[in-house]
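An overview of the molecular structure
Here are the chains, one letter per residue:
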Amino acid sequence: MKKIFIINGGQKFGHSGGKFNETIAQETFNFFKNNPDFEVQITDVNNEYDPAEEVEKFVWADVVIYHTPIWWFQIPHAFKQYIDVVFTEGHATGIYHSDGRSSENPTINYGTGGMLHGRKYMLTTSWNAPKEAFTLPDEFFQQKNVDEGVMFGFHRMNAFTGMAPLQGIHFHDIEKNANVERDLVLYNEHLNNIFLNKSYDTSDSNSKKQTQAY
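Residues numbered from 1 in each chain as written. Predicted model: local features only at pLDDT ≥ 70, side-chain atom pairs only at ≥ 80, totals over all residues. Heavy atoms only, no water.

1. Examining unusual backbone geometry
Our working rule: Elements are defined by DSSP. Helices are runs of H or I of four residues or more, strands are runs of E of two residues or more, and each kind is numbered from the N terminus. Here the term buried applies to any residue with accessible area under 20% of the maximum for its type, exposed to any over 50%, and partly exposed to those in between, with areas from a 1.4 Å probe on protein chains only.
If you check the backbone angles, Asp138 has positive phi at about 70° while not being a glycine. Tracing the backbone shows Asp138 in the loop between helix H4 (132-135) and helix H5 (152-161). Given the relative accessible area of 81%, Asp138 is considered exposed. Positive phi values are uncommon outside glycine, yet Gln143 reaches one of about 60°. Mapping Gln143 onto the fold places it in the loop between H4 and H5.

Structure representation (structure tokens):
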């Protein structure tokens, strides 16, 4: 049984009602809830939560799925607070035990003290920026993609806990040119490809091993 923990990091603040990420998170929940091979839990950072119970969800999960908009090139403050509070609660109780270094040799092995090894995570983000802002020469993000640029620190955060990434998906131009129907189709294709379809591990050049992509 695959265990999926969904976090809706979308936030109701200012002119944002958090509707897009709420929709995507619900789509994720429905996708797994309607498949008997999965168990699923979900947290919305807009609601009250018990930090210790959230740590237990991370420990329980095989895969953590994060949904977040990007505000001012960072995650929203309620989602950041959730991470700060829950990950601090998870010190020595399931998320990490240390930064991985030893007093005998404090210059190496930083970031190896996570307790979530064997688990994976997937990230979705939503942007006002069009995708061309990341790909075209002389545009704003200097041809650095989402994962190598703005979200690099977020990925390192998860590596610190021991989790490994699954391919994520990023939604662009949500404020000015939203096409939610199209995005939901693309997202469902993505979920099917990652969690249900067979893929081939080509790391061994002499053979292809069929594996479940999740």
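2. Overview of the packing of helix H3 (residues 77-89) against H5
Two numbers describe a pair of packed helices, the interaxial angle and the distance between the axes. The criterion, for reference: With axes taken as lines fitted to C-alpha atoms, and helix axes fitted only over the stretch in contact, angles between N-to-C directions fall between 0 and 180 degrees. An angle counts as roughly parallel when it lies under 35 degrees, as roughly antiparallel when it exceeds 145, as roughly perpendicular when it falls between 65 and 115, and as oblique in every other case. Less than a right angle of anticlockwise turn of the near helix away from the far helix marks a crossing as left-handed, whereas a clockwise turn marks it as right-handed. Contacts between residues were defined by any pair of non-hydrogen atoms, one from each residue, lying within 4.5 Å.
Where H3 meets H5, the axes come as close as 13 Å, and the angle between the chain directions of the two elements is 15°. Judged on the interaxial angle alone, H5 and H3 are roughly parallel. The handedness of the crossing between H3 and H5 comes out as left-handed. Residue-level inspection shows Phe79, Ile83 and Phe87 of H3 in contact with H5, the latter providing Phe154, Met157 and Thr161.

3. Some remarks on a nonpolar patch on the surface
Going by this rule: Residues enter patches when their relative accessible area tops 30% and they take part in no salt bridge; the joining distance is 9 Å for like charges and 5 Å for the nonpolar side chains Val, Leu, Ile, Met, Phe, Trp and Tyr. Calculation of accessible area relied on Shrake-Rupley with a 1.4 Å probe; when residues are assessed, cover is drawn exclusively from the protein chains displayed. Salt bridges are defined by distance alone: a side-chain nitrogen of Lys or Arg within 4 Å of a carboxyl oxygen of Asp or Glu.
Taken together, the side chains of Trp72, Phe73 and Phe140 present a nonpolar region at the surface, about 440 Å² in accessible area. In this fold, Phe140 is placed in the loop between H4 and H5. Owing to a relative accessible area of 57%, Phe140 belongs among the exposed residues under this scheme.

4. Quick look at the pairing of strand S4 (residues 120-126)
The test is simple: Pairs of strands are assigned from DSSP output, requiring at least two bridges between the strands. Note on handedness: a crossover is taken as right-handed if, strands pointing away from the viewer, the path from the first strand over the helix to the second is clockwise.
Counting buried positions along S4 yields six of seven residues, so the element is predominantly enclosed. As defined by bridge partners, strand S3 (residues 63-69) adjoins S4 across seven bridges and the pair is classed as parallel. Across the sheet, the residue bridging to Val63 is Lys120, located in S4. One crossover worth recording links S3 to the parallel S4 by way of H3, and it is right-handed. Sheet topology places S4 next to strand S6 (residues 169-171); three bridges connect them, and they run parallel. Bridged to Ser126 within S6 is Phe171.

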